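Coordinate inspection notes
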Amino acid sequence: MELSGYSYPNDFFIDWSLMIVLYPYITGFVAGAFIVSSFYHVFERNELEPVGKLSLLCSFAFLLSAGLPLLNHLGHPERALNIFLTPNFSSAMSGFGFVYTFYLIVMELELWLVYREYIVETARRSRGWKRRAFKWLSLGVYDLSPESREVDRKAIRVLAAIGIPAACILHGYVGFLFGALKSNPWWSTPLMPVIFLFSAVVSGIALLIVIYQTDRKIHGMRIDQECVASLSRWLWLFMIVTVSLEILEIITLAYEQSEAWEIIGALLTTKLSFSFISVQMILGSLVPFVLLMVVVLMNSYLHEKVRNTLAFIAAALLLIQVFAMRWNVVIGGQMFSKSFSGFRQYQPEFFEKEGILAAIVIMIAPFLLLHLLNIIFPAFSDREEAEKGAIAAPK
Amino acid sequence: MNKDRRRFLKLLTSYFGLLAAKDGVYVRLLGGENLSQDSTADAEAYNPEDHLYAYAIDTRKCIGCGMCVKADRLENKVPPKNFRTWVERYRISEAGDVDIDSPSGGENGFPPRVSGFNVAKAFFVPKLCNHCRHTPCIQVCPVGASFHTPEGVVMVDSGWCIGCGYCVQACPYGSRFINPETHCADKCTLCYHRLVKGLQPACVQACPVGARQFGDLKRAGDPVRQLIARERVMVLQPTLLTKPNCYYLGLDQGVR
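**Digging into the overall build of chain A**
Broken down by element type, chain A carries 14 helices and zero strands. Taken from N to C terminus, the helices and strands of chain A fall in the order α-α-α-α-α-α-α-α-α-α-α-α-α-α. Compactness check: chain A gives a C-alpha radius of gyration of 23 Å against a globular reference of 21 Å for 395 residues, within 12% of the reference. Each principal axis of the C-alpha distribution contributes one length, and for chain A these read about 80 × 55 × 40 Å. Here chain A holds 395 residues, and 56% of them are scored as buried. Intrachain contacts of chain A at a sequence separation of at least 6 include 79% that bridge at least 24 residues. Roughly 17,500 Å² of accessible area belongs to chain A as shown, and the carbon and sulfur atoms make up 68% of that amount.

Encoded structure:
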């Protein structure tokens, strides 16, 4: 049966816009960066110590920004709290508020414990408003005895351990939102939450490589090679799993020659040929796969600069890959009408409410937050020491 | 709702109320089901629990005039580019090629169009919300703004809907849309405001050939109830198991 190109009349408009592409992109960073922090705190991968605090701050900054694209998308943002007032528990989306709140609490507790020592010392060292602020942040607990620090360490470990399934739920549920809709064959697969989760970890690790290296470069500090090598290894592993799952899903559909393939095959070769085949699969997957393979397999032969550069480029490309994946899922799934025969176009405009400018502003927000958080709670203790050293040196 | 709109709606309902009085004659002439014979009596004693509405569409009768789409837009103030109901034209070749179109939802009828093949069969398929019993749209609404009335009508509370659009994605039939004026999910209500007065949905009343029929499964001897029980009826996309309350006669395998 040939496709006639017929769309249902209500299907002329793509309702889930660029904002809904950003939402899983941002929550992906939350889950991914948190899992990296757990590699350090729970699984004691000590080579990740340089990004231990950074990963937590990153995760927190993105978590605080996760609601922005949703609020901008809602027809009635002023009613957003209805989701807490009358949650309809048969809807996956109703869980969002609760999962989000739970995660926020876990992260705040963990951050506080990780920075408790710093908070107490800053409160003691400083004067004026800074002293007052940090006294307030310490919640009146000034005990820094070895015993109390040991309790802190254990509590951090427990929280980080709770955070892992919480991160999986937070992002797995985002995948479930799409994967559990039988109306859309491009979304409806049990693999969807798994793909989302693994790609979230990929984006989290990639983001940390990029931010860590950038920050070190800006401040002229040495990039820890053990850390970069380890992050690259994890990144390689998780990207292989993610891309395998992504390809597996499509190969199964194509091989089954299911009814859905009629429209999805056409979708992939026409509307998504650039963003899926060129960007997501070749530029975003194949190229970083090769680059990271070099970093991982030839690790001992690589010069520092080569390792840093290869890891940085691979990470940056994977950030694009994950964005392309979100785009291809969210927008791709709406590019065909539910009549499964007609296509429609989506081209976000620059100035519209849910357009490119809004997306840029929303994507800047977590980085701005991260910068502010980093001023209050430094992610790198060595930088502060180095700055102190520089001030102290002339004396 | 502002004052002008409220006044307009009042006017509209009183206008249709007047029409309803003459309804009996028209509907009987056209061979359709007549629920409005004793509309005033029904309105006073309306109890939602006593009804279970069903919709039946005979595709063999539809002539594609688009009166139903027009009536719906007038009755429910449907925004210009959206549709609570629409009509599709199917043309199918002997080899099974399918050509579907629905210019402006069929609202202005169907201009002649040449298919790239010899048409073996052609027909119109009116569509609307199927008011499914196991509906994915109610299932996915995060705030419970979408709900079933006791009569089996699927409705949206536009005072509570947050406009997330999840239900629009979940409906496999393309029956829902985000209303650009209210920013809420919008859909066919089977003209619930008319049903409680004992009137028929506007689209059913407007259909000149009785292709659209409306009935009550809880009423003994109801023609639609009998039609569903005795004829060979189909629903749209039955494999999705949404259990539509909208039944079709003369549906073809090419229908999406």
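**Considering the interface of chain B and chain A**
On the side of chain A, 39 residues touch chain B, which itself brings 51 residues to the contact. Taken over both partners, the interface formed by chain B and chain A buries close to 3,600 Å², and the fraction arising from carbon and sulfur atoms is 54%. Among the residues chain B hides against chain A, the three largest losses belong to B:Y166, B:Q169 and B:R256. Together they make up 22% of the total. Our enumeration of links across chain B and chain A arrives at one salt bridge. Where B:R256 meets A:E262, a salt bridge forms, and the shortest distance between an N and an O atom there is 3.8 Å. Seen at the junction of chain B and chain A, the total is 29 residue pairs in polar contact (both at pLDDT 80 or more).

**Some details on the side chain of B:N82**
Within the fold, B:N82 resides in the loop between α3 (67-76) and β2 (85-93). The class of B:N82 is buried, set by a relative accessible area of 5%. Once residues within four sequence positions are removed from consideration, B:N82 is found in contact with A:N10, A:F12, B:R73, B:F177, B:I178 and B:P180.

**What about a nonpolar patch on the surface?**
Taken together, the side chains of A:I277, A:I282, A:L283, A:L286, A:V287, A:V290 and A:I320 present a nonpolar region at the surface, about 530 Å² in accessible area. If one sorts the elements of the nonpolar patch by residue count, helix α11 (residues 273-297) of chain A sits on top with six residues.

**Some points on helix α1 (residues 18-41) of chain A**
A rise of 1.5 Å per residue sets the reference length of α1(A), with its 24 residues, at 34 Å; its end C-alpha atoms lie 35 Å apart and thus fit the reference within 8%. Buried residues dominate α1(A), accounting for 23 of its 24 residues.

**Regarding the packing of α1(A) against helix α7 (residues 146-179) of chain A**
Residues and elements named next belong to chain A. At a closest axis distance of 9 Å, the pairing of α1 and α7 adopts a crossing angle of 155°. Between α1 and α7, the angle is such that the two are roughly antiparallel. Between α1 and α7 lies a crossing whose hand is left-handed. Only I156, R157, L159, A160, G163, I164, A167, L170, H171, Y173, V174 and F178 of α7 make contact with α1, whose side of the interface consists of I20, Y23, P24, T27, G28, V30, A31, F34, I35, S38 and H41. Here the contact of α1 with α7 is built from residues that sort into 16 nonpolar, six polar and one charged.

**Considering the pairing of β2(B)**
Residues and elements named next belong to chain B. Judged by how many residues are buried, β2 sits mostly within the fold: nine of nine residues are covered. Here β2 shows a buried face lined by T85, V87, R89, R91 and S93 and a second buried face lined by W86, E88, Y90 and I92. Here β2 runs beside strand β4 (residues 119-128); their pairing, made up of nine bridges, is antiparallel. Its bridge partner being in β4, T85 is matched across the sheet by L128. One ladder, built from four bridges, connects β2 with strand β3 (residues 98-101); its direction is antiparallel. When the bridges of β3 are listed, Y90 appears paired with I100.

**Things to note about the pairing of strand β10 (residues 246-249) of chain B**
All names here are of chain B. Neither face of β10 is exposed, since C246 and Y248 on one face and Y247 and L249 on the opposite face are all buried. The pairing of strand β1 (residues 53-58) with β10 spans four bridges and is classified as parallel. The partner of D58 across the bridge, within β10, is L249.

**Here's the deal with the sheet that holds β10(B)**
All names here are of chain B. Spatial strand order, β9-β1-β10: three strands in an open sheet with mixed pairing. Edge positions in the sheet fall to β9 (212-216) and β10, since each has one partner strand and no second. For this sheet the average axis-to-axis angle between neighbouring strands, irrespective of direction, equals 25°. As paired elements, β1 and β9 share five bridges and run antiparallel to each other. Bridge assignment links Y55 to a residue of β9, and that residue is F214. Contacting β1, β9 and β10, helix α8 (residues 223-230) crosses the sheet at an angle of about 100° to β9.

What counts and how
- Residues numbered from 1 in each chain as written.
- Chains lettered and ligands numbered in written order.
- Predicted model: local features only at pLDDT ≥ 70, side-chain atom pairs only at ≥ 80, totals over all residues.
- Heavy atoms only, no water.
- Helix = DSSP H or I, 4+ residues; strand = E, 2+ residues; numbered from the N terminus.
- Rg over C-alpha atoms; globule rule 2.2 N^0.38 Å.
- Buried < 20%, exposed > 50% of the residue type's maximum accessible area, 1.4 Å probe, protein only.
- Contact = heavy atoms within 4.5 Å.
- Areas by Shrake-Rupley, 256 points an atom, 1.4 Å probe, with all protein chains shown as cover.
- Buried area = accessible area lost by both parts, 1.4 Å probe.
- Salt bridge = Lys/Arg side-chain N within 4 Å of Asp/Glu carboxyl O.
- Polar contact = N/O pair within 3.5 Å; in protein donor to acceptor, adjacent residues only side chain to side chain.
- Patch = residues over 30% accessible without salt bridge, like charges linked within 9 Å, V, L, I, M, F, W, Y side chains within 5 Å.
- Expected span 1.5 Å × (residues − 1).
- Axes fitted to C-alpha atoms, helices over the stretch in contact; angles between N-to-C directions.
- Parallel < 35°, antiparallel > 145°, perpendicular 65-115°, else oblique.
- Left-handed = near helix turned anticlockwise from the far one by under 90°.
- Nonpolar A, V, L, I, M, F, W, Y, C, P; charged D, E, K, R; others polar.
- Pairing = 2+ DSSP bridges.

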